[in-house]
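# Breakdown of the fold
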Amino acid sequence: MSAFSAARMTVRGVGLVMLVLGLVIWTGNADGLVPIHMLLGIVLVLALWAVAALAVQAGTRPALPGIAIAWGVLTVAFGLAQAQILPDASEHLVVEVAHLFVGLVAIGLAEAVGAITTQSGAAAGR
Ligand code: HEM
């Protein structure tokens, strides 16, 4: 398997695990899983960056990969700050939904960068 495909599959696989872990954490019964969730979140962002970098290397125009790289920074920064933002207030729900949204967009950006790269033929043989 090419590095490009491997990075895409990593985002998909880890992304699915992140969603399940996040939803379990959300029930409030699995605080012990938060460090694993955070570690896997960082793995996911590294894979997203790999997808973006390999797409540019393959000749894809850099706008969307650039957005994906910036979004990865936002995803990790928000995730790391997450537990400290209004932890006890009822508004924390907004933070939780926003965090879920940021994560879903990160997964979606890897899909989008992957799709435009394979469609344009830029990643042929990758
Ligand atoms: C694809 C990426 C991600 C998805 C889909 C995702 C999803 C979720 C969901 C649904 C929750 C439960 C609701 C909530 O507390 O917000 C959660 C909790 C959490 N996530 Fe993520 N997450 C992602 C990435 C990350 C990353 C990169 C980090 C940190 C490096 C992180 C750190 C946390 C923390 C600390 C909590 C618990 C917060 C609390 O107890 O209030 N997440 N995540």
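Our structure's up above, just so we're on the same page.
### A short note on the site of the ligand
With respect to spatial proximity, 20 residues lie near the ligand, and among them Gly22, His37, Gln82, His92 and His99 are the closest. Gln82 has a polar side-chain atom sitting 2.5 Å from an oxygen atom of the ligand. A distance of 3.0 Å separates an oxygen atom of the ligand from a polar side-chain atom of His92. A total of 6 residues in the shell around the ligand trace back to one element, the largest contributor, which is helix H4 (residues 92-119). A per-class count over the shell around the ligand returns 10 nonpolar, 9 polar and 1 charged.

### A few points about the coordination of the iron atom of the ligand
Note on the iron atom of the ligand: its protein donors are His37 (NE2) and His99 (NE2). The metal-donor distances range over 1.9 to 2.0 Å. Classification of the site at the iron atom of the ligand as octahedral follows from its 6 donor atoms and the range of 86 to 179 degrees in their angles at the metal. You can see His37 sitting in helix H2 (residues 34-57) and its partner His99 sitting in helix H4, a full 62 residues away along the chain. His37 gets classed as buried once you look at its relative accessible area, which sits at 13%.

### Section: H2
With 24 residues, H2 extends 34 Å from end C-alpha to end C-alpha; this agrees with the ideal 34 Å at 1.5 Å per step. Buried within H2 are the following residues: His37, Gly41, Leu44, Val45, Ala47, Leu48, Val51, Ala52, Leu54 and Ala55. Along its buried surface, H2 packs onto helix H1 (3-26), helix H3 (63-82) and H4.

### Remarks on the packing of H2 against H4
Packing of H2 against H4 brings their axes to within 10 Å, and their N-to-C directions diverge by 30 degrees. It follows that H2 is roughly parallel to H4 by the angle criterion. The handedness of the crossing between H2 and H4 comes out as left-handed. In this structure, H2 contributes His37, Leu44, Leu48, Val51, Ala52 and Ala55 to the contact, and H4 contributes His99, Ala106, Ile107, Leu109, Ala110, Val113, Gly114 and Thr117. Of the residues that constitute the contact of H2 with H4, the class distribution is 10 nonpolar, 4 polar and no charged.

How each quantity is defined
Residues numbered from 1 in each chain as written. Predicted model: local features only at pLDDT ≥ 70, side-chain atom pairs only at ≥ 80, totals over all residues. Heavy atoms only, no water. Near = heavy atom within 4 Å. Polar contact = N/O pair within 3.5 Å; in protein donor to acceptor, adjacent residues only side chain to side chain. Helix = DSSP H or I, 4+ residues; strand = E, 2+ residues; numbered from the N terminus. Nonpolar A, V, L, I, M, F, W, Y, C, P; charged D, E, K, R; others polar. Donors = N, O, S within 2.8 Å, 3.2 Å for Na, K, Ca; no water. Tetrahedral: all angles 85-135°; square planar, octahedral: opposite > 155°, others 65-115°. Buried < 20%, exposed > 50% of the residue type's maximum accessible area, 1.4 Å probe, protein only. Expected span 1.5 Å × (residues − 1). Contact = heavy atoms within 4.5 Å. Axes fitted to C-alpha atoms, helices over the stretch in contact; angles between N-to-C directions. Parallel < 35°, antiparallel > 145°, perpendicular 65-115°, else oblique. Left-handed = near helix turned anticlockwise from the far one by under 90°.

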